[in-house]
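# Examination of the molecular architecture
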Amino acid sequence: MSTSTIVTAGDTAARRSTRRVEPIYYLFLLPSLVLFTLAITVPGIIGIFFSFTDSIGIGEWSFNGLTNYIALFSDPAILQSYLFTFGFSVATVIVVNVAAFLLAVGLTSRIRFKTGLRAIFVIPMVISGIIIAYVFNFLFSNSVPTAAGALGIPFLETSLLANPDFAWIAIVIVTAWQAIPGTLLIYIAGLLSIPGDVYEAADLDGASKTQQLLRITLPLVAGYVVINVILGFKGFLNAYDIIVGLTNGGPGTSTRSVAMTIIAGFNGGDYAYQMANATIFFIVAVLISVLQLSLTRGRNQF
């Protein structure tokens, strides 16, 4: 046997041993896989099955084919909930990412007490969304109108939460207040990964701080921006607790999200109909996840 044959055989054996997964790993994976299957996969399959029926959640039922799905696309309440959810998600993503990025730039610059400030800015992330919503509900319903009356600002003398045209603004503000810290941490990690030599070279070339921000910082953290935008958008699509605490979907149904519509239907006897709605919403979430994977492929090497 030649030396080259021995080397090739050894390389093949090494590659096989590298690719081989120890059985103990599957044993550790099994409990999580079983729990995920029982808690997520099986209920999801059952729900999709019942979306093709006329079930109200209990009692007898019969198949009705695509009736529920066809009705969804002509239901103004469903279309309104999707319109509000997507509009709210886009607006919140913009507010959160702009504010978080500017805060991250400030908290990574040469300022005093930046470590303590970072700790303060992440506090909203650890507070329950429903608690935040109830606190801001009191502020928007009482404190803000009182202050606006004293300052002579007629627009804010009545609660934003009672205005069907502007209630969404209050929801965006509160949701952003809670979401900014998580996005901020990712931006801080991205900014700290940029070598300081790049900025030193830019200083030597006479680049201003604004030019460095636009031509160095933003391009180098572009991958982090994409990740924050996609993850944020996916998260805001599932908005529920903050909206419940602020407006409960009102005034009327002007701020009712898709998640609220689905849950309200479950409680109101529209089980099969809202399961069809949930199935469509699941497909939308999957498509967004596929988009996320395609956009972040090659950029998520932190």
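Above this text is the structure in question.
Before going into details, it helps to say that this report is about the structure given with it. (Residues numbered from 1 in each chain as written. Predicted model: local features only at pLDDT ≥ 70, side-chain atom pairs only at ≥ 80, totals over all residues. Heavy atoms only, no water.)

In terms of nonpolar packing, the biggest core is built from 48 residues, with F88, F140, V174 and L246 touching the most fellow members. For this core, the secondary-structure elements that each account for two or more residues are α3 (67-72), α4 (76-107), α6 (129-151), α7 (167-192), α10 (222-237), α11 (241-246), α12 (258-267) and α13 (271-296). (Core = buried A, V, L, I, M, F, W, Y, C linked by side-chain atoms within 4.5 Å. Buried < 20%, exposed > 50% of the residue type's maximum accessible area, 1.4 Å probe, protein only. Helix = DSSP H or I, 4+ residues; strand = E, 2+ residues; numbered from the N terminus.)

This paragraph deals with the packing of α6 against α7. Relative to each other, α6 and α7 sit at 135°, their axes nearing to 10 Å. Here α6 lies oblique to α7, going by the angle between them. Relative to α7, the crossing made by α6 is right-handed. Judged by residue contacts, G129, I132, F136 and F140 of α6 engage A170, I173, V174, W177 and Q178 from α7. Partitioning the contact of α6 with α7 into residue classes produces seven nonpolar, two polar and no charged. (Axes fitted to C-alpha atoms, helices over the stretch in contact; angles between N-to-C directions. Parallel < 35°, antiparallel > 145°, perpendicular 65-115°, else oblique. Left-handed = near helix turned anticlockwise from the far one by under 90°. Contact = heavy atoms within 4.5 Å. Nonpolar A, V, L, I, M, F, W, Y, C, P; charged D, E, K, R; others polar.)

Relative to the elements of secondary structure, T261 occurs in helix α12. T261 gets classed as buried once you look at its relative accessible area, which sits at 8%. In contact with T261, not counting residues within four places along its chain, are I78, S81, R256, Q274 and N277.

Attention now goes to unusual backbone geometry. Following G250, the chain continues into P251 via a peptide bond in cis, with omega recorded as -5°. When you line up the elements, P251 lands in the loop between α11 and α12. If you check the backbone angles, N248 has positive phi at about 55° while not being a glycine. Topologically, N248 is positioned in the loop between α11 and α12.

A few words now on the environment of F166. Looking at the element boundaries, F166 is found in the loop between α6 and α7. For F166, a relative accessible area of 30% gives the class partly exposed. Spatially, the C-alpha atoms of F166 and P43 are 37 Å apart, while their sequence positions differ by 123 residues.

So, on to α12. What α12 keeps buried is the set V258, A259, M260, T261, I262 and G265. Of the residues one or two after α12, G269 is the one with positive phi, at around 90°.

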